[in-house]
Amino acid sequence: MATSVAMASLPLGRALTPWSADRRLRFRSSGIAFASLEQKTYAQGIKISEGNGGLPKVSLLSPHGSEAEIYLFGGCITSWKVSNGKDLLFVRPDAVFNGKKPISGGIPHCFPQFGPGPIQQHGFARNMSWSIADSDNVEGDPIITLELRDDPYSRSMWDFSFQTLYKVKLHSNSLSTVLTVTNTDKKPFSFTTALHTYFRASIAGVSVKGLKGCKTLNKDPDPSNPLEGKEGREVITFPGFVDCIYLDAPKEIFLDNGIGDVINIQNSNWSDAVLWNPYMQMESCFKDFVCVENAKIGQVHLEPAQSWTAEQKIAIS
Ligand SMILES: O=P(O)(O)OC[C@H]1O[C@@H](O)[C@H](O)[C@@H](O)[C@@H]1O
């Protein structure tokens, strides 16, 4: 039976955005934020706790044994474990949890710019604190909806009023996310976006299937001036540096992570895909992950009050 616990957006979440050092210190020392977060009632299978660096973390726990963790800072899913306990996502060893720099790993947001472009690489959404807008439980599957709105920090880079809602649902063998961007301004805006998913992997054994025939924009060697091409391979492997955009990618692609799992990556309305492995640029960890990203590389144009939505579902067979 579906249980729904609707909550007002936490004003504190807004107050914590952007996550300046002063605010973080106040947050950590006073405990007000946690008290406020912990006092709320959440749907079954949802827990709020203090994560790395004292940052608030949402845990989703499924009765089937799967688990996910999401940091409100960046709205970043940092862990997705299926019932065998193996984490299918990867957080880089150099990741910091200081509420100032984006968390490097898991599923960071790129919004409102995939990049490169006029504002910071991958935009500011991964660098701001999201709030909890709602929680739910449908037939045992926990669901959390996070929200991000503009504030002076975002406005300093991108002067628009917006709302993004990010609904994360944990199933027994999959994790689905729905991202909705709404123009709450009086003027139109355009954006690009991506879910920059870091999958745990053994790079020598990694392959991606399903992208043959796509138009490509190869960011190697020059990310600002990508080379146009067409993917001719059924099976893409990662023998060296890879940084490539696939335009009009299919609704389903398959990742063999080289450590025993085939992950089915489905999407609706994420029109493009990105494959990235930094190879020797990240000598200490490139062997342990691959990024397979659902993206929207062409500008999404929204008139006032219009919304754009895209869904991603990652599942193991
Ligand atoms: O910001 P991060 O997590 O280090 O990722 C950077 C990489 O992200 C990828 O999505 C881009 O295609 C690369 O060009 C870029 O270098």
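What counts and how
- Residues numbered from 1 in each chain as written.
- Predicted model: local features only at pLDDT ≥ 70, side-chain atom pairs only at ≥ 80, totals over all residues.
- Heavy atoms only, no water.
- UniProt positions renumbered as here; feature names shortened; annotations may be inferred.
- 1 Å grid on protein atoms, 1.4 Å probe; cavity = no way out; pocket = protein on both sides within 12 Å on 5 of 7 lines; lining within 4 Å.
- Helix = DSSP H or I, 4+ residues; strand = E, 2+ residues; numbered from the N terminus.
- Buried < 20%, exposed > 50% of the residue type's maximum accessible area, 1.4 Å probe, protein only.
- Contact = heavy atoms within 4.5 Å.
- Polar contact = N/O pair within 3.5 Å; in protein donor to acceptor, adjacent residues only side chain to side chain.

**Description of the UniProt feature "active site" (unreviewed entry) in the protein chain**
For step 1, the next point in the chain: Sites flagged by UniProt as "active site" (unreviewed entry) map to His-196 and Glu-293. Separation in sequence by 98 residues is not matched in space for these annotated residues, since their most distant C-alpha atoms are only 4.9 Å apart. Lining the largest pocket, from the set of annotated residues above, are His-196 and Glu-293.
For step 2, the next point in the chain: Structurally, His-196 is set in the loop between strand 11 (189-195) and strand 12 (198-200).
For step 3, the next point in the chain: The class of His-196 is buried, set by a relative accessible area of 5%.
For step 4, the next point in the chain: If we skip the residues at most four places from it in the chain, His-196 touches Gly-106, Ile-107, Pro-108, Cys-110, His-122, Trp-276, Cys-291 and Glu-293.
For step 5, the next point in the chain: Take Glu-293: it is sitting in strand 21 (residues 289-302).
For step 6, the next point in the chain: Here Glu-293 falls in the buried class, since its relative accessible area comes to 3%.
For step 7, the next point in the chain: Other than its neighbours up to four places away in sequence, Glu-293 contacts Phe-114, Ala-194, Leu-195, His-196, Thr-197, Asp-272, Ala-273, Val-274 and Trp-276.
For step 8, the next point in the chain: Here the side chain of Glu-293 touches His-196 through a polar contact of 3.3 Å, side chain to side chain.

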